[in-house]
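These are the residues of each chain, in order.
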Amino acid sequence: MTGLFEFRLKARDGLARTGVIGTPRGEIRTPAFMPVGTAATVKAMMPESVRKTGADILLGNTYHLMLRPGAERMDRLGGLHGFMNWDRPILTDSGGFQVMSLTGLRKLTEEGVRFRSHVDGAEFHLTPERSMEIQALLGSDIVMCFDECTPHPATRDVARESMELSMRWAGRSRAAFGDRPGHALFGIQQGSVFEDLRAESADALTSIGFDGYAIGGLAVGEGQEAMFGVLDYAPGQLPDDKPRYLMGVGKPDDIVGAVQRGVDMFDCVLPSRSGRTGQAFTRRGQVNIKNARHAEDPRPLDEACGCPACQNYSRAYLHHVFKAQEIISSMLLTWHNLQYYQDLMAGLRASIEVGELASFVSRFEQERDAGDIEPL
């Protein structure tokens, strides 16, 4: 790998791919899952602990970081990497998704979005140019262009209007990003669940030219069947020689299905959020550690897992510390969930490399279905 951003495919198995994204801060093995560090921290985890799970890259949140501590302050303090003690690659989202969720607190125009902070009510104006500036101040390795995340459900007319606005903003983002060797800018495909609109979006983004391409506007309530319906065609509409990133996904089943359809990168708050609420992902399904059935269970969460929670503590202990509201509960369960996700990605990569993805997926489904999945 050089000191610049580059993507090298190593192997294919059907539509699935495995490869390596090279950056000056280190390699990212794909398919990759990015733990979410919304406010410059993966909740309940030390950065070195996140790295031990096998994570090559983290995600930071432009919206939350621009509100506090602020992009200019972050720049004065040496950027996001030094601030949060993570020396490997960081991807930052553009802030578009969070702004979309500010119903009643935002005003959308061609120029950008005016909104009030959920923290203190201060007014902000986020534009493609300002989003690029903020992400540069943060020092992001992979920058996302500014877009409007189309809500679901949306009529064709609404989806088209939103997509076309995002494509105009994508051009402005590209121009504002400029020439930054070693840093990458990803475009974001929109178009809701309409294949022709997504094809138009992909063509527009490709004509602008990006270092990678994201599939946006999914994981917004459409359900797995509809999401997979879009993923049956959307990855193939994007350039084959660039990374493909499915934003905000997801559940283990979602990730496996998306990898089978040609997606390379993922992020989601689910493993860390679930850890804080007593939910654990295992090879034999989900475990709700709150349930009384675990109060005297001496077994680990997952016998095949090498995380500290599974190696050193019983389900009974995890049940106790969760019920007692001890901080170690969030720490151990989050570590376990992140380890599970990284082990899943490692298994997917290895199986694609040797052409045995179908066998891996079959084992994944059999183990999951044979387990005792609990209500969450």
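Right above here is the structure, for reference.
Residues numbered from 1 in each chain as written. Predicted model: local features only at pLDDT ≥ 70, side-chain atom pairs only at ≥ 80, totals over all residues. Heavy atoms only, no water.

### Digging into the sheet that holds strand 6 (residues 90–93)
In space, the eight strands of this closed barrel follow the order 4-5-6-10-11-12-13-14, with parallel pairing throughout. Between one strand axis and the next, the sheet turns through 30° on average, direction left out of account. Looking at chain direction, strand 5 (residues 58–61) and strand 6 are connected through four bridges and run parallel. Bridged to Leu 58 within strand 6 is Ile 90. (Pairing = 2+ DSSP bridges. Helix = DSSP H or I, 4+ residues; strand = E, 2+ residues; numbered from the N terminus. Axes fitted to C-alpha atoms, helices over the stretch in contact; angles between N-to-C directions.)

### Describing the pairing of strand 3 (residues 26–30)
As paired elements, strand 2 (residues 16–23) and strand 3 share five bridges and run antiparallel to each other. For Gly 19, the partnering residue across the bridge sits in strand 3 and is Thr 30. Taking the residues between adjacent antiparallel strands as the criterion, strand 2 and strand 3 are bridged by two residues.

### As for the state of the cysteines
Tallied over the entire structure, the rule returns zero disulfides. Of the cysteine sulfurs around Cys 307, a residue in no disulfide, the closest is that of Cys 305, at 3.6 Å. Cys 307 gets classed as buried once you look at its relative accessible area, which sits at 1%. (Disulfide = S-S within 2.5 Å. Buried < 20%, exposed > 50% of the residue type's maximum accessible area, 1.4 Å probe, protein only.)

### Some remarks on helix 15 (residues 327–353)
Every α-helix carries 3.6 residues per turn, so stepping three or four residues along brings you back to the same face. For helix 15, built from 27 residues, the straight-helix expectation of 39 Å at 1.5 Å per residue is met to within 8% by its first-to-last C-alpha distance of 40 Å. Where burial is concerned, most of helix 15 is hidden: 20 out of the 27 residues are buried. Gly 355 sits one or two positions beyond helix 15 and adopts a positive phi of about 75°. (Expected span 1.5 Å × (residues − 1).)

### Points about the side chain of Asp 302
With respect to the helices, strands and loops of the structure, Asp 302 is situated in the loop between strand 16 (285–288) and helix 13 (308–312). Polar contacts involving the side chain of Asp 302 include one to the side chain of Arg 283, which spans 2.8 Å. Every residue in contact with Asp 302, bar those within four places of it in the chain, is listed here: Thr 282, Arg 283, Cys 310 and His 336. (Polar contact = N/O pair within 3.5 Å; in protein donor to acceptor, adjacent residues only side chain to side chain. Contact = heavy atoms within 4.5 Å.)

### Considering the nonpolar core
Leu 91, Ile 142, Leu 231, Tyr 245, Leu 246, Phe 266 and Leu 348 are the most contacted members of the largest nonpolar core, which totals 66 residues. Top element by residues in this core is helix 15. It accounts for six residues. Val 42, Ile 134, Cys 305 and Leu 318 belong to the second largest nonpolar core, which has 40 residues in total. (Core = buried A, V, L, I, M, F, W, Y, C linked by side-chain atoms within 4.5 Å.)

### Considering the packing of helix 7 (residues 156–177) against helix 8 (residues 195–208)
Put simply, helix 7 and helix 8 touch, their axes get as near as 10 Å, and they point 10° apart. In this view, helix 7 runs roughly parallel relative to helix 8, as classed from their interaxial angle. Residues Arg 156, Ala 159, Arg 160, Met 163, Met 167, Ala 170, Gly 171 and Arg 174 of helix 7 form the contact with helix 8, whose own contacting residues are Asp 196, Leu 197, Glu 200, Ser 201, Ala 204, Leu 205 and Ile 208. A class-by-class count of the residues in the contact of helix 7 with helix 8 yields eight nonpolar, two polar and five charged. (Parallel < 35°, antiparallel > 145°, perpendicular 65-115°, else oblique. Nonpolar A, V, L, I, M, F, W, Y, C, P; charged D, E, K, R; others polar.)

### Topic: the environment of Tyr 233
Residue placement: Tyr 233 occurs in the loop between helix 9 (224–231) and helix 10 (234–237). Of the residues examined, Tyr 233 reaches a relative accessible area of 15% and is grouped as buried. For the pair Tyr 233 and Arg 198, spaced 35 residues apart in sequence, the C-alpha to C-alpha distance is 9.1 Å. Discounting residues that sit within four places of it in the chain, Tyr 233 has contacts with Val 193, Phe 194, Glu 195 and Arg 198. Looking at Tyr 233, its side chain comes within polar contact range of the main-chain nitrogen of Glu 195, at 3.4 Å.

### Quick look at the packing of aromatic side chains
Scanning all chains against the criterion turns up 10 aromatic pairs. With centroids separated by 6.1 Å and ring planes inclined at 80°, the aromatic side chains of Phe 5 and Phe 186 adopt a geometry described as edge-to-face. Note that Phe 5 is positioned in the segment before strand 1 (6–13) and Phe 186 in strand 11 (residues 184–189), a separation of 181 residues in sequence. In terms of burial, Phe 5 and Phe 186 fall into one category: buried. (Phe/Tyr/Trp six-rings, centres within 6.5 Å; stacked < 30°, edge-to-face > 60°.)

### Things to note about the sheet that holds strand 7 (residues 106–108)
Pairing is antiparallel across the open sheet formed by three strands, whose spatial order is 7-8-9. The open sheet is flanked by strand 7 and strand 9 (123–126), the only strands paired with a single partner. Direction aside, neighbouring strands of the sheet carry axes that sit 15° apart on average. One ladder, built from three bridges, connects strand 7 with strand 8 (residues 113–116); its direction is antiparallel. Considered in strand 8, the bridge of Lys 107 is made with Arg 114.

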